[in-house]
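Architecture and fold: a report
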Amino acid sequence: MLTPRRGTHRARQPLGWARHGPARHGPTPGHRARRRLPPARPPAPPSRGGGADRTRARHRYRGEGATSAPVPVMAAVTCAWAGPGRGRSAPPSVPGRAQIWHRQHCRKKMTHWFHRNPLKATAPVSFNYYGVTTTPAATKVCNDLRLSRTRLLELFTDSSCNPEIMKNAADLYFSLLQGFILSLDDSSQECKLRYIQNFKWTDTLQGQVPSAQQDAVFELISMGFNVALWYTKYASRLAGKEDITEDEAKGVHRSLKIAAGIFKHLKESHIPKLITPVEKGRDLEARLIDSYIIQCQAEAQEVTIARAIELKHSPGLIAALAYETANFYQKADQTLSSLDPTYAGKWRKYLNLKSCFYMAYAYCYHGQTLLVSDKCGEAIRSLQESEKFFAKAETLCKEYGETKGPGTTAKPSGHLFFRKLGSLIKNTLEKCQRENGFIYFQKVPAEAPQLELKANYGLVEPVPFEFPALNAHWTPETVAAFDLTKRPKEDADKPKPDEEVKPLKEPNIKPQKDSGCQIS
């Protein structure tokens, strides 16, 4: 007699079949797991109420400890959603398909876009003082200065550089450069080496024609300025990533505060020490320094607002933060109003655009606050005002893209941060109008509500900054080893203001799928 093959309906109690009952009962879950049959299409993620029962059922289906059973994609994601805090354990591993699904539906985006001006460029400095340095120690300090300066300039354009690497390189160069500035005997008399070298630096706005000063303080300020610009560009690069972690978001926030602190320290403590007055419209002028400080604070507060929205803080707090941020951008724009629009026009479009954008945010969330307070008519008027500011920001986006000048090449209106606000305003206004038509029946005021909002939390202050202490290689003997009487009469480094300095080749950051921008 031939025995039917295992797995057919005529087999008698084969492995994996029920031991009792008729054959029509079919295979058991264990048989299904061993044959690796594809599971049925999983249902949608369960709600909190019935999620535990469904999860336990899936584990029974798979068989505890069975590693060969296929894991339904959504079952793994459901277990991950449940989380240990709700008394449910996550599966030991999540398949690749589940990870992909989770990234597509649960990932967080940093919806920011920042305008950036170019880095300052500088002429090479050799620090070779033949005949002036009379000891090996003095010669070594000069070699270290040349190498550390070259290394720091290379890091400005290195896309793999991070704040720790930048800080170490900048501290090394600044500690060595301080030997040309600080007096070792702590007296008020300036160091004899301060005017030994001529330095040339371009501006972020006025092209590649450099400013030149034979002053080590000018070098300290200009290089410090570039370090601050690097922190702003690093923050912009992080914020432009498609999938950004919470630690990276904190890195954006902190980098902008560090940059603001550097700019503030240069303005208050070092720029007043320059012998040659700063030319109008140049980077070291008070108007530009102030604008950079305010812009860094405003952009850091953008990260704070995004965090407040993500954690679903009260609409009143979000509206107040947005209002403060809009005022920051407006103040920075007014600071630049007296500059030549040929150089500052594009930058001002960005500041004006962001001011209108966050005013729209402020009125939108203020409208939500009014709706919660049963002031539906005023809420509708606030949302209408938000629409006006959003429309103005949309117009400025187009003007920004058409304006020529130094800085970022971008289409802000196509960026995710811009599109999300438009949808939010539209949906919130429609909700208010529906509620007013069914419940409140309130009259919509002709005048928009006055925003007198003051944020008590989340306001950004610059991180205090100080240049590092003098490098240990600088001793009284090292300084004495520089014999300035042996300098050649014909100074080869005589200032040449019209000499062109090659710009720094900054990394080309490609835009993400929905960012619509490119950092230049």
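Residues numbered from 1 in each chain as written. Predicted model: local features only at pLDDT ≥ 70, side-chain atom pairs only at ≥ 80, totals over all residues. Heavy atoms only, no water.

Let's shift gears to the overall build of the chain. If you tally the helices and strands in the chain, you get 14 helices and four strands. Expressed as a percentage of contacts within the chain between residues at least 6 apart in sequence, the contacts between residues at least 24 apart total 76%. About 27500 Å² of surface is accessible on the chain, with carbon and sulfur atoms providing 52% of the total. (Helix = DSSP H or I, 4+ residues; strand = E, 2+ residues; numbered from the N terminus. Contact = heavy atoms within 4.5 Å. Areas by Shrake-Rupley, 256 points an atom, 1.4 Å probe, with all protein chains shown as cover.)

This next bit is on the state of the cysteines. In a disulfide, the sulfur atoms of two cysteines are held together by a covalent bond. The tally for this structure, following the rule as stated, stands at zero disulfides. No disulfide involves Cys-364; its nearest neighbouring cysteine sulfur is the one of Cys-432, lying 8.7 Å away. Exposure remark for Cys-364: the relative accessible area of 0% places this residue in the buried category. (Disulfide = S-S within 2.5 Å. Buried < 20%, exposed > 50% of the residue type's maximum accessible area, 1.4 Å probe, protein only.)

End to end, helix 6 (residues 163-177) covers 21 Å across 15 residues, agreeing with the expected 21 Å (1.5 Å per residue, within 8%). Among the residues of helix 6, those classed as buried are Met-166, Ala-169, Ala-170, Tyr-173, Phe-174, Ser-175, Leu-176 and Leu-177. Those residues of helix 6 that are buried lie in contact with helix 5 (136-156) and helix 7 (216-239). Where helix 6 begins, the capping side chain belongs to Asn-162, and its oxygen is found 3.1 Å from the backbone nitrogen of Glu-164. (Expected span 1.5 Å × (residues − 1). Polar contact = N/O pair within 3.5 Å; in protein donor to acceptor, adjacent residues only side chain to side chain.)

Moving on, we get to the environment of Asn-143. Note on placement: Asn-143 falls in helix 5. Asn-143 gets classed as partly exposed once you look at its relative accessible area, which sits at 28%. Remark: the alpha-carbon pair of Asn-143 and Asn-128, spanning 15 residues in sequence, is separated by 7.9 Å. A polar atom in the side chain of Asn-143 sits 3.0 Å from the side chain of Arg-146.

This brings us to the pattern of salt bridges. Applying the stated criterion across every chain, the model contains 22 salt bridges. Of the charged contacts, one joins Lys-233 and Glu-506 as a salt bridge, the two residues approaching to 2.9 Å between their closest N and O atoms. Residue Lys-233 is located in helix 7, and its partner Glu-506 is located in the loop between helix 14 (476-480) and strand 4 (517-518); the two are separated by 273 residues in the primary sequence. Across the pair Glu-285 and Arg-287 runs a salt bridge, and its minimum N-O distance is 2.7 Å. Where salt bridges share partners, they join Lys-120, Asp-203, Glu-279, Arg-282 and Asp-283 into one cluster. (Salt bridge = Lys/Arg side-chain N within 4 Å of Asp/Glu carboxyl O.)

According to the stated counting rule, one finds 23 aromatic pairs in the structure shown. Here the aromatic rings of Tyr-292 and Trp-347 are separated by 4.7 Å at their centres, their planes lie at 40°, and the arrangement is tilted. One end of the pair, Tyr-292, is in helix 9 (residues 286-310); the other, Trp-347, is in helix 11 (residues 341-372), with 55 residues separating them in the sequence. The class of Trp-347 is buried, set by a relative accessible area of 0%. Where Phe-357 meets Tyr-361, the ring centres are 5.4 Å apart and the plane angle is 80°; that geometry is what we call edge-to-face. Taken as a pair, Phe-357 and Tyr-361 lie in helix 11 at a separation of four residues, close to a single helical turn. (Phe/Tyr/Trp six-rings, centres within 6.5 Å; stacked < 30°, edge-to-face > 60°.)

Counting 122 residues, the largest nonpolar core has Phe-127, Phe-156, Met-166, Phe-180, Val-252, Phe-263 and Phe-482 as its most contacted members. Broken down by element, this core gets its largest block of residues, 17 residues, from helix 11. For Phe-156, the contacting residues outside a window of four places in its chain are Leu-119, Met-166, Met-223, Asn-226, Val-227, Trp-230 and Leu-504. (Core = buried A, V, L, I, M, F, W, Y, C linked by side-chain atoms within 4.5 Å.)

Our next topic: helix 7. Counted at 1.5 Å a residue, the expected span for helix 7 with its 24 residues is 34 Å, and the 35 Å between its end C-alpha atoms agrees. Judged by how many residues are buried, helix 7 sits mostly within the fold: 24 of 24 residues are covered. A distance of 3.0 Å separates the backbone nitrogen of Val-217 from a side-chain oxygen at the start of helix 7, and that oxygen is part of Asp-215.

Right, let's talk about the confidence of the model for the chain for a bit. Confidence in the prediction of the chain, expressed as mean pLDDT, is 80, and 71% of residues score 70 or more. pLDDT under 50 marks residues 98-110. Its contacts with residues more than four places away, or in other chains, come to 27 contacts. (pLDDT = per-residue confidence, 0-100.)

Another aspect to go through is the packing of helix 6 against helix 7. One way to put it is that helix 6 packs onto helix 7 with a least axis distance of 11 Å and a crossing angle of 175°. It follows that helix 6 is roughly antiparallel to helix 7 by the angle criterion. Of helix 7, the residues touching helix 6 (which contributes Pro-163, Met-166, Lys-167, Ala-170, Tyr-173, Phe-174 and Leu-177) are Ala-216, Glu-219, Leu-220, Met-223, Gly-224, Val-227, Trp-230, Tyr-231 and Tyr-234. Looking at the contact of helix 6 with helix 7, its residues break down into 13 nonpolar, one polar and two charged. (Axes fitted to C-alpha atoms, helices over the stretch in contact; angles between N-to-C directions. Parallel < 35°, antiparallel > 145°, perpendicular 65-115°, else oblique. Nonpolar A, V, L, I, M, F, W, Y, C, P; charged D, E, K, R; others polar.)

This part is about unusual backbone geometry. Here Phe-127, not a glycine, exhibits a phi torsion of approximately 55°, which is positive. Take Phe-127: it is sitting in the loop between helix 4 (96-106) and helix 5. For Phe-127, a relative accessible area of 1% puts it in the buried group.

With respect to the secondary-structure elements, Leu-288 resides in helix 9. In this structure Leu-288 comes out as buried when scored by relative accessible area, which is 0%. Distance from Leu-288 to Thr-335, taken between C-alpha atoms, is 7.7 Å for residues 47 residues apart in sequence. In contact with Leu-288, other than residues within four places in its own chain, are Leu-205, Gly-281, Arg-282, Asp-283, Leu-336, Leu-339 and Trp-347.

The subject of this paragraph is the side chain of Gln-297. With respect to the helices, strands and loops of the structure, Gln-297 is situated in helix 9. Judged by its relative accessible area of 9%, Gln-297 falls in the buried class. The residues touching Gln-297, leaving out its near neighbours within four places in the chain, are Phe-328, Val-460, Glu-461 and Pro-462.

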